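Observations on the model geometry
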Amino acid sequence: MTCRAMTEDTEHVIHVERLTKRYGDLLAVNDISFTVRKGEVFAFLGPNGAGKTTTAEIIETIRTPTSGTVSLLGMDVTKQKRNIVRRIGVLPQGFTSFDRITVRETIQYYSRLFNCRNTDVDGLIELANLRDRSKEQFTNLSGGLKQRLGIAIALVNNPEVVFLDEPTTGLDPRARREVWDVLLGLKRKGKTVFLTTHYMEEAELLADTVAIISKGSIVAMGSPMALIESNAHYLVLTLQSVHNTVFPIVQKMGFEPAHTNHKNITVRLEHQDDVRTILNALKDAGASFLSLDVRKPNLEEVFLKLTGAPLREGLAEEVA
Amino acid sequence: MSLRVIGANLIVSIKSFYREKTAVFFTLAFPVLLILVFGTIFMNQDNVRFDFRVQDLDQTDLSAELVKTLELNEKFTITMVAPAIDAAQYAKNNKLNLVVVIPKDYERSLIGRMTHNDPNASVTITYIYDPSSTSVSTKMQILNSVFAEINQRMSGKPPFITPAEISILSRDYRFIDFFVPGIIAMTVMTASLFGAVNVNAELRQKGVIKKLSTTPITRTDWILSNVLYQFLLSVISTISILLVSYAVFDVSLQLNSWLPVFVVLDVFAFVGIGMILTRVAKEAESAAAAANAIMFPMMFLSGTFFPVEMMPGFLQKFSRILPLYYVNEGLRASMIFVDNMIALRCSVIIGVFAAVVFVLGMMTTKWEEG
């Protein structure tokens, strides 16, 4: 069988309608609905246990829904598993493979499972930036390399939709950036990507549409910029390496500063003029600081505002 | 079912196997080592010699003649102890398990019996022995039979009962010939049971099965490719066991079509049990522990290492409900006794068992998440 995308003339490749998933008494996914357009990168952003992976696995045909309907490429995921899996690529959460099988052999193995005779193994190795490690056994790869191999495997059948479930969780910043480079390559190729993540930077960098999910429900959905514009009408001023007197001065002015660490403070400002007001007050008081940064809020802060809980541990203090 | 998919799985399994040195050792080298060790131990069983000390307190020609008679028995290796020594203390000091003491008046008593036909003329040969020794009772039993024979000869009458030995086997078989079929059955069982547990529990726990469930491979493809792989490993280990057995011990075994039949049934039965265990035990570690709990009674109570007949009655009954018992019996019936009826009976029993557990195993093997 020749593996190539069998594109359909439909705008939306994923339709999720009133999807609910229960595990006994636990409500993992609570009546959610959304659609994913062809060619877009759609990100599910939420903390651990929010229902991201459960939703993704139902669409991938790994799990069955309790209620609701899910269609993928025009097919019902509960009825046409065999047809669906041939047209999608999946990087499951915490991807692993056979320990003693090399990078090249692993890609060849998955290619055979899809009965693909024209898989460009070298091209996939190149895409995942694994050329120097193609003879390395899986067990000897670092976490980042394993994830990159997982992405390459998810592409062996030239899928129409690629599912990436937390592709950078547990990776160090450098390895995460290397995985992002691979994902940006997919985005440039126009692949439809369904991404789950709890990293705000990842969603902001890669996603065309972000659905913010908390406790099994979607609380907001839109482009990253639109989400920020519509949910956070303020600026964040960060003063770095501040003098001890800075914090009380800002506090006395009626703002609510917060320490991000023992040297830096952040202040939420409603108006752009507030920056100048604070800087003038500090100058008059002779309080010093090393540098300052003024920026719009990010998705993490939007998430905090919408749900009252941080995306990750320790974030609440940073953005309060 | 896709042959291409089954082939791909088979290639991955074989590569994973030969790159994992411990797996190679336990699957291939370990049974061969067992054959070599047990074969060497039991190869000399017929030529075992028992050593003990003799103290001749009589120091006469006739007492020396008795010692010579004992030495002529091929089973004994005798070392003399000086008559002046305290034999009991000597045995204790030198940690000897047997010293045979010929009394001082041996020659006089013997002449009294032989020449004067004096019925009261007799001697007592003393065994100074260590009852904690495991081999001493065998030595004493053999000595008793030697002395009984001397007594009988001195009576001047031919023995009334003379034993004659007729083997039920067409050829002269040794212990190693009985041992090899048991090792084949045990090796196939171990590889199949642990192979199924590892593949299904470990790969599930690691998440590999979840990834596979997002590909076109079906549960049937997966299970069949694993059975094929276990069968291939079983064939390789059976061949290596047989090669070593023939090359080193020159075993006398009949190789016929029953051998592959029992190997296949052994594989299906224990892959089936492994699949069921994996479903019952959630974690890979507990599945492996459960496999051990099944394997050890099977190994020791189904006649792999020693005949079931050596066990107490209730254990013999228990052994007859163990599937490996029928593989052992069937293989021995075909490879040693060439008894097709017993082989057929055993193959039907293990075949029905294998079919039931394998179907149950297939039904319980989880491919998709809940």
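Predicted, not measured: the structure shown is a model, and the values here were computed from it.

Let's talk about the nonpolar core
The biggest cluster of nonpolar side chains holds 143 residues, and the ones touching the most others in it are Ala43, Ala152 and Phe194 of chain A. The greatest single-element share of this core, amounting to 17 residues, is contributed by helix H7 (residues 175–206) of chain B. Excluding residues within four positions of it along the chain, phenylalanine 194 of chain A makes contact with Ile14, Val36, Phe42, Ala56, Ile59, Val161 and Phe163 of chain A. Ranked by size, the runner-up nonpolar core spans 15 residues in total, among them Phe52, Val81, Ala87 and Leu96 of chain B.

Side note on the domain arrangement of chain B
Here the domain parsing of chain B yields domain 1 (3–43 + 170–364) and domain 2 (50–154). Each of domain 1 of chain B and domain 2 of chain B has a C-alpha centre, and the two are 52 Å apart.

A closer look at the sheet that holds strand E6 (residues 88–91) of chain A
Residue and element names in this part refer to chain A. Across the sheet, which stays open at both edges, the six strands sit in the order E6-E7-E8-E3-E9-E10 with mixed pairing between neighbours. This sheet does not close on itself; its edge strands, each paired only once, are E6 and strand E10 (217–222). Geometrically, the sheet is characterised by an average inter-axis angle of 15 degrees between neighbouring strands, direction not taken into account. Direction of pairing for strand E3 (residues 41–45) relative to strand E9 (residues 209–214): parallel, over a ladder of four bridges. Bridging across to E9, phenylalanine 42 finds its partner in threonine 209. In the packing of helix H5 (residues 143–154) onto the sheet, contacts are made with E6 and strand E7 (161–165), and the angle to E6 comes to roughly 165 degrees. Strands in contact with helix H11 (residues 299–307) are E3, E9 and E10; relative to E9, the strand with the most contacts, it is inclined by about 40 degrees.

Points about the interface of chain A and chain B
Counting from both sides, the interface comprises 23 residues of chain A and, opposite them, 22 residues of chain B. Broken down by secondary-structure element, the contributors of at least two residues to the side of chain A that touches chain B are helix H2 (81–85) and helix H3 (103–113) of chain A. When residues in the side of chain A that touches chain B are grouped by element, the largest group, five residues, is from H3 of chain A. When grouped by side-chain class, the residues that make up the side of chain A that touches chain B number eleven nonpolar, four polar and eight charged.

Thoughts on the sheet that holds strand E4 (residues 126–129) of chain B
Residue and element names in this part refer to chain B. Sheet architecture is open: four strands sit in the order E2-E1-E3-E4, paired in mixed fashion. The open sheet has two edge strands, strand E2 (76–81) and E4, and neither has a second partner. The average undirected angle you get between the axes of adjacent strands in this sheet is 30 degrees. The pairing of strand E1 (residues 50–56) with E2 spans six bridges and is parallel. Considered in E2, the bridge of phenylalanine 52 is made with isoleucine 78. Packing against the sheet, helix H6 (residues 136–154) makes contact with E1, strand E3 (98–102) and E4, and its axis sits at approximately 60 degrees to E1.

Focus: the pairing of E9 of chain A
Residues and elements named next belong to chain A. For E9, the buried fraction is high: six of the six residues fall into the buried class. Alternating positions in E9 separate into two faces, Thr209, Ala211 and Ile213 on one and Val210, Ile212 and Ser214 on the other, with burial throughout. Two strands pair when backbone bridges link them, and E9 and E10 are joined in this way by five bridges, in the antiparallel orientation. Across the sheet, residue valine 210 finds its bridge partner in E10, namely glycine 222. In textbook terms, the turn of a hairpin is the stretch between consecutive antiparallel strands, and for E9 and E10 this stretch comprises two residues, one of which, lysine 215, has a positive phi near 50 degrees.

So, how was this worked out
Residues numbered from 1 in each chain as written. Chains lettered and ligands numbered in written order. Predicted model: local features only at pLDDT ≥ 70, side-chain atom pairs only at ≥ 80, totals over all residues. Core = buried A, V, L, I, M, F, W, Y, C linked by C-beta atoms within 7 Å. Buried ≥ 20, exposed ≤ 12 C-beta atoms within 10 Å, placed from the backbone. Helix = DSSP H or I, 4+ residues; strand = E, 2+ residues; numbered from the N terminus. Contact = placed C-beta atoms within 7 Å. Domains from an automatic or database assignment. Pairing = 2+ DSSP bridges. Axes fitted to C-alpha atoms, helices over the stretch in contact; angles between N-to-C directions. Nonpolar A, V, L, I, M, F, W, Y, C, P; charged D, E, K, R; others polar.

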